[in-house]
Every structure is written in C-alpha cells, then in structure tokens.
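Examination of the molecular architecture
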Amino acid sequence: MTKTVFTNARLADGMSYDIGVDNGRIVSIDPAGLKAALEPTVDLAGELLVPGFVEGHIHLDTSFYGDTWIPHRPCTNGFDVHERVAFQAQNMAVAAPMDRRARDQLDLCIGNGTLHMRSHVMVDGSVGLKSLETILAVRDDYKNLIDIQIVAFPQSGILKSLGTPALLDEAITLGADLVGGLDPASFDRDVNGHLDVVFGVAEKHGVDIDIHLHDAGSMGAFTIEEICARTVVLGMQGHVAISHAYGLGDLQQDAARKIAATIAKSGVSIMTNAPGNHSFPPVALLRQEGVTVFSGNDNIRDSWWPYGDGDMLHRAEIIGYRSGFYTDEELKAAFEIVTSESAKALRIEEYGIYVGAKADFVTLAAGNIPEAVVSFPRGRKVFKAGKLVAEGNQVIR
Ligand SMILES: [Zn+2]
C-alpha cells in the first residue's frame, strides 16, 4: 500500500495532527498543516483518533446475535453456573448455524471499532472440537479485518467432562492460542486437579492462560492465590489472566488490597465486564496496586444474559459508571481498560498511536477521551492497517 496521510486528526492531547501511514504502519505524526502532503490524504476533520478497541473477552460460539430473539431463562434458585450451562446446551441445539452467528457478532464489534479480540470457544466433552473448528474458519475469513485470539474453553469443566484434558491439548494443536479454565473449586471441586491440567497444557505448548472464575468471596480469593502461585513458579508472569474474579468484589478493603498486591506481583491480569447483578473487582484499587485490568463484552445475547452491544467504548462507560468514576483521570482509566490495558493483557504488540505502531485506529466525534467515554458517539470510521474497514457501523469488505 502506498503512503496515505490522515489529516486533521485530534489526538488525546487535544491538538490536531497529520498522520502518515505506510504499509499498514504509522510512519509520521506532525502538527496539522505543518507539511504539504504529497501523498493521498484522508481528512479526519478534527475528529478524535484513538487506537482500535480491544475486546478482551467474548464468546463467538454461543451468542444469538443476529438470530431470533431468545428470552432469558432465570436460574431456578439463584445464579448457578451448572444450570446456565445446561440452559445453554438446550438453546444451542435450536440456534442458527454457529458460523453465521459468529460473523454477525464480529460485524457488530468491528463496526464499533474493535480491531483485536480474545474469544473463548467451548472445547469439552459436550461439543468436542466442533465449535473450535467452526470459529477457526471464521477467524481465517476475517483475518484482514480483526486479529482474534482463541481460548480453548472447558465450559463443562475439565475433570467433570469426559475427555476434556486431551481435547484441550488437541485444541492448541488445532489452532487455539490459549488454554482456559472454569471455576476449579465449585465446578470441578478440585482446584489442584483442574489447574494441573490447565497449566500442564500451557507449559507443554508454551501458550497463555485465561481462566473463568465466577466463585465468590474467599473461595474465589483462594483460587486466585493458587493461580498466582503457579504463575510465579512457572515464570508465566504476564501470560495469565483471570476473567470475572467476582470474589475480589466481595472482600473487605484490607483483604482486597493484600490480594491485589499478590496479583500484581505475579503479573496476572484481571478481566471484568462490570456485569449488572454481580460483585465485581474493585477496579481503581487493583490499578493502584499495579494490576492490569482489562475488559470485554463477554456475553452478547446469549444464554447467560441478554445485554451487550459489541461496543468497547460503551463497556468503558459501564465500568466507569459502576466504579463511580467521575473525574477526567478516572474516565481516562476506564478508557485505558478497553484500549492500552487490554492490549497489555493480550500481549498485543505495536499498539497505540505512535510512529512505528500498527495503523489500527478509530475516529470518534468527541472533543477528548473523557467525553468519548461518557457519550460513546456513533458514526465512527474504523481503519485496520490504514484501510477503512467500517463506517457508520457497517463493515466494508
Ligand atoms: Zn466468558
């Protein structure tokens, strides 16, 4: 691709710049109008230019987005992961083909400016490797639009679901990028047995880990400490994430601060989507202690909840709203959680707006980052490797 100059781009410092892009990378950033561009230009008309959003936790295989509306079915006696998994299996049996639903969901996310994603995909005794094969094919088809990491996710447990340890191993060979886990204590009722498999697969293949942990209170905290300890022993700092970690939101301030220090020291990152009726991690406290906090939409129109719009900027607003973030600094923190901090957790390289970074960016009709977080404006232009891939929420192929 020949060089293109994106003129009149407002950056986070409020100033306007002309940004040169060559071969999918940012090659120059100059004050607007300083140099007469000899190359083709794209006038961004003073809109805010930010890096493409990072969707750090989503489920491409189990969403009904684009399918017919399926009403939410509440658990019979309070939130129960086992029961939700059973409802999901029933819903999946009558849902539209998985690849169509995954494509609809990807179009939704890309249209909103997401250019990097981590999707958990079910790999267990109930579905084998079928879902993974489908999502791998979809990923390949979308490779010029979005970078997708896939987590082999044992939704039905590891020890409780026949053949799952071997399936997780095969999943990585097949093309999954990370190995996942699910509530080692409450689901498999064997923290060590569960983590032996997860860390064993990770060590064997040299892949990262992202574990779903819904367990509340001290049981959740205990599991987090076990995950942190193993991470340090194996030298996997920066390569392990815990998704949800609801239990952190149940702890008293002192206990939360103590475990936050342990999490920070072990380089484990924490994913939260700040869900409606659950305790969720104390985002500001974790960040103060040096923990990488990142985010994702998690479920969009699925068997777990009906919410989600595929917009990470709206997700930043939800995190800020639930965390009581009001000041500009706090709103900027919410923004970092869906951009630079998520990029760090996912180990995405050359991410951001600087010379040498990949030219993956989004325009926003907002004067600055705090305003963008509270208004999550529409009408965005989305560029992948300097090429327009979505405008007005429509993907351009
Ligand atoms: Zn999830």
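Residues numbered from 1 in each chain as written. Predicted model: local features only at pLDDT ≥ 70, side-chain atom pairs only at ≥ 80, totals over all residues.

So, about the overall build of the protein. Helix and strand counts for the protein come out as 12 helices and 17 strands. Its C-alpha atoms put the protein at 65 × 50 × 40 Å along the principal axes. Relative to its 397 residues, the protein shows a buried fraction of 52%. Long-range pairs, those at least 24 residues apart, make up 74% of the contacts in the protein between residues at least 6 apart in sequence. (Helix = DSSP H or I, 4+ residues; strand = E, 2+ residues; numbered from the N terminus. Buried ≥ 20, exposed ≤ 12 C-beta atoms within 10 Å, placed from the backbone. Contact = placed C-beta atoms within 7 Å.)

Their axes nearest at 10 Å, the elements helix α4 (residues 164-174) and helix α5 (residues 191-205) cross at an angle of 30°. Regarding the angle of α4 to α5, the classification is roughly parallel. The chirality of how α4 crosses α5 is right-handed. Mapping the contact onto sequence places Pro 165, Leu 168, Asp 169 and Ile 172 in α4 and Val 197, Val 201 and His 205 in α5. Of the residues that constitute the contact of α4 with α5, the class distribution is 5 nonpolar, 1 polar and 1 charged. (Axes fitted to C-alpha atoms, helices over the stretch in contact; angles between N-to-C directions. Parallel < 35°, antiparallel > 145°, perpendicular 65-115°, else oblique. Left-handed = near helix turned anticlockwise from the far one by under 90°. Nonpolar A, V, L, I, M, F, W, Y, C, P; charged D, E, K, R; others polar.)

With 13 residues, helix α7 (residues 253-265) should reach 18 Å at 1.5 Å per residue; the first-to-last C-alpha distance of 18 Å fits that figure. Every buried residue of α7 is listed here: Ala 256, Ile 259, Ala 260 and Ile 263. Down the axis of α7, the buried side of the element spans an arc of 115°, and every buried residue falls inside it. Elements that come into contact with the buried residues of α7 comprise α6 (217-233), β12 (268-271) and α8 (283-288). Following α7 by one or two positions, Gly 267 adopts a phi angle in the positive range, close to 65°. (Expected span 1.5 Å × (residues − 1). Arc of directions from axis to C-beta.)

Any functional reading would require information that these geometric values do not contain.
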